[in-house]
Structures are given as structure tokens and as C-alpha cells.
Amino acid sequence: NEEWFREELYPHWRQSFQITRELYRANDGLQDIVLFETPGFGRVLTLDGVIQVTTGDEFVYHEMLAHVPIYAHGAVKSACVVGGGDGGMLREILKHASVEQVVLVEIDAAVVEFCRQHMPTVSAGAFDDPRTEIVIADGLKYMAETTRRFDLIVIDSTDPIGPGGVLFTEQFYKDCARCLTAEGIVVNQNGVPFLQGEEVTDTYLRRRPHYADVGFYMAAVPTYVGGLMALGWASASSRPRGETVETIAARFQAAPVTTRYYTPEIHKAAFALPQYVQALI
Ligand code: AG3
């Protein structure tokens, strides 16, 4: 009598996970939060029925959204994570000794509490790091109002459905641009372009007016099915994306972090876009 979770993100394509046991289920009025254990991917967190994190493969996503911009920038001191209530993005950013402060702006306090308790290996102590500041707020409002400036903004959101939808608007991208330092970089999860191609086109068009450089890079996250996932890139200066593999490798060697996916060669290669993705831009 097996139990299965079926993800219904796409109308025409579903993926299923065998459930060893359901651990928790909550609804705090903002979204449905469910946590279950699987034989293959460890603990899986879903929000409104869509997989956000699995302890098995989260390293790919978190490493690629943290280390690529950090090594491309070369001297990130201040960072902001919008979303990311599981703490995995914080964990990766805080691996860098150059980082002095990270503000986590998460709309849903319950996600932070839930993940802190039931997925502690994801945050791995990052919530308690003295460099971490947690702000429970709507990211759109926070970015519109803050006077802080960041070398790095990571938009670690859900898909553009539910409370995370505003994090894909032109207004939000414009506010993020205002909050960047001179060589600052914004990255975000931009969906799986084979299945969500319009998200790439929309993001490109909404950012183009507000940044010196707008682009995408890619990573293979097993549970975000449908081929490579697109990670969005926008920066206040056109310098960071073009850094050579030699420069990236030298920075990585001078200030290494432990990774399971990221390498300087993957960093460079990730910006090579398949034709079907280029066609969306
Ligand atoms: N948020 C990214 C979820 C993307 C799922 N989308 C998809 N499969 N198209 C992850 C939050 C992890 N910190």
C-alpha cells in the first residue's frame, strides 16, 4: 500500500515521488506547507503542491545561485536573499569569508520556523550566524523601501504563482536595480525554459531597461524536471558576466568553498545557452 505525492505544476505533465512518511503539513493562510520523507531524495518540502527543496538535490540549486555571482563579482560583502526561507541559500552565501552581512527577506515566517525545525541540514546553522539578519516581509515592499545597498541580491522564490508572483514584475526588478552597489548582481530562479519559456522572455524584457547587463545561465536540478533550469542574471555593470575562466579559477583557488556541483569550469559553461533558450530572448 504505497503512498505517492504527485506534483501538478504543469497541466500536461506530472511527476510523482514515493512517500516513506509524511512529516508535517500546515497552512498559515499564505500557502500550504508540506514536508515528507522519500526513499530517493530525502526530505521534500512543497509549497502549494510544488517542490521547493529536497535534501537530496538542493545543493545544485543553492550552489549555482550563490557561488556563480559571488566569484563573478569577486568581493561580495553585502547580500540579500529574497525568499529562501529554508536557509539553503544563506548557508551557501555564508561560506564566503568576504561576506559581512546577509539579509533574508522571507514573506512567510512559518517557512523559516518549519525548515529550521524539520530540515535542519539545509540551513546548517545559517539562521544563527552573526552575519544573518532575518526580515519577515514582502520582498516587493522591502526592496521598494529599503535604503540599503547590496553587492548581491538572490531572488530565491517559488514560481510566479501564489505570493511569489510579485517577484517577477518589472517594478520589483527596477527596485532591485536601485538597491545594488556599482558592480552589484541580481540572480533568480527563472523556471525550466522547456516548459516555462515565457518566463525567460518576460524576465529579459522586464529587466533590460534597468541594468547594464541582462542574461541567463543554466543548471540541472533533478527535481525541477523538464531539462535545464534557467537562472536569471542582471548586473549594474557589464563586467562580472564576462570574467574569464582563469579569473574565476584564480578567485576560487584564493578563497575556496566546499561544493558538490560548482566548479569554475561549470561556472563558465553554465552561461552557454542552448538554441531553444536563446530563441526566447
Ligand atoms: N524555489 C524554486 C522552486 C522552483 C520550482 N520550479 C519548477 N520546478 N519549475 C526553491 C527554493 C529553494 N530555496
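Residues numbered from 1 in each chain as written. Predicted model: local features only at pLDDT ≥ 70, side-chain atom pairs only at ≥ 80, totals over all residues. Heavy atoms only, no water.

Q: How do you make sense of the overall build of the chain when you look at a structure like this?
A: Across its full length, the chain carries ten helices and 13 strands. In terms of overall size, the chain behaves like a compact globule, its C-alpha atoms giving a radius of gyration of 18 Å where 281 residues would be expected to give roughly 19 Å. For the chain, buried positions account for 55% of its 281 residues. Put simply, 68% of the contacts in the chain that link residues at least 6 apart link residues at least 24 apart. (Helix = DSSP H or I, 4+ residues; strand = E, 2+ residues; numbered from the N terminus. Rg over C-alpha atoms; globule rule 2.2 N^0.38 Å. Buried < 20%, exposed > 50% of the residue type's maximum accessible area, 1.4 Å probe, protein only. Contact = heavy atoms within 4.5 Å.)

Q: Sorry if this is basic, but what is going on with the domain arrangement of the chain here?
A: A common measure of how large an interface is: the accessible area buried when the components associate. Domain assignment breaks the chain into domain 1 (3-54) and domain 2 (58-278). A separation of 23 Å is found between the C-alpha centroids of domain 1 and domain 2. Each side of the interface is counted separately: domain 1 has 24 residues, and domain 2 has 25 residues. A buried area of about 2,200 Å², summed over both sides, lies between domain 1 and domain 2, and 70% of it is on carbon and sulfur atoms. Between the two partners, domain 1 and domain 2, sit zero salt bridges. Here domain 1 is connected to domain 2 by six residue pairs in polar contact (both at pLDDT 80 or more). Residue assignment for the side of domain 1 that touches domain 2 shows that the elements contributing at least two residues are strand S1 (3-10), strand S2 (13-19), strand S3 (21-27), strand S4 (32-38), strand S5 (42-47) and strand S6 (50-54). Top element by residues in the side of domain 1 that touches domain 2 is S6. It accounts for five residues. Counted by class, the side of domain 1 that touches domain 2 contains 15 nonpolar, five polar and four charged residues. (Domains from an automatic or database assignment. Buried area = accessible area lost by both parts, 1.4 Å probe. Salt bridge = Lys/Arg side-chain N within 4 Å of Asp/Glu carboxyl O. Polar contact = N/O pair within 3.5 Å; in protein donor to acceptor, adjacent residues only side chain to side chain. Nonpolar A, V, L, I, M, F, W, Y, C, P; charged D, E, K, R; others polar.)

Q: Explanation requested: the nonpolar core in the structure shown.
A: Note that soluble globular proteins tend to have their nonpolar side chains buried in a common cluster. Core analysis: the biggest nonpolar cluster contains 43 residues, and Ile 93 and Tyr 217 have the highest contact counts within it. No other element matches helix H1 (residues 58-73), which puts ten residues into this core. Core analysis: the next-biggest nonpolar cluster, separate from the first, contains 29 residues, Cys 80, Val 82, Ile 153 and Val 214 among them. (Core = buried A, V, L, I, M, F, W, Y, C linked by side-chain atoms within 4.5 Å.)

Q: Quick question: what am I supposed to make of the packing of aromatic side chains here?
A: How two aromatic rings sit relative to each other is set out by the distance from centre to centre and by the angle between their planes. Applying the stated criterion to the full structure yields twelve aromatic pairs. Measuring from ring centre to ring centre gives 6.0 Å for Tyr 24 and Phe 114, while their planes differ by 85 degrees; the resulting arrangement is edge-to-face. Note that Tyr 24 is positioned in strand S3 and Phe 114 in helix H3 (residues 109-118), a separation of 90 residues in sequence. Counting every residue linked through ring pairs, the aromatic cluster contains Tyr 71, Phe 252 and Tyr 262. Cation over ring: Arg 207 sits above Tyr 173, and NZ or CZ is 4.3 Å from the ring centre. It is Arg 260 that lies over the ring of Phe 59; its NZ or CZ is 4.0 Å from the centre. (Phe/Tyr/Trp six-rings, centres within 6.5 Å; stacked < 30°, edge-to-face > 60°. Lys NZ or Arg CZ within 6 Å of the ring centre and 35° of its normal.)

Q: Honestly, H1 in this entry has me stumped. Any pointers?
A: Relative to the 22 Å expected for 16 residues at 1.5 Å per residue, H1 spans 23 Å between its end C-alpha atoms, a close match to the ideal helical length. Residue Met 64 marks the point of greatest curvature in H1, where the axis turns by about 25 degrees. Burial within H1 is extensive, with 16 of its 16 residues counted as buried. Directly after H1, the chain includes Gly 74, whose backbone phi takes a positive value near 95 degrees. (Expected span 1.5 Å × (residues − 1). Bend = angle between axes of the 7 residues up to and from the residue.)

Q: Sorry, what's going on with the side chain of Gln 52 here?
A: Take Gln 52: it is sitting in strand S6. Beyond its immediate stretch of four places on either side in the chain, Gln 52 contacts Leu 45, Thr 46, Leu 47, Ser 157, Thr 158 and Tyr 224.

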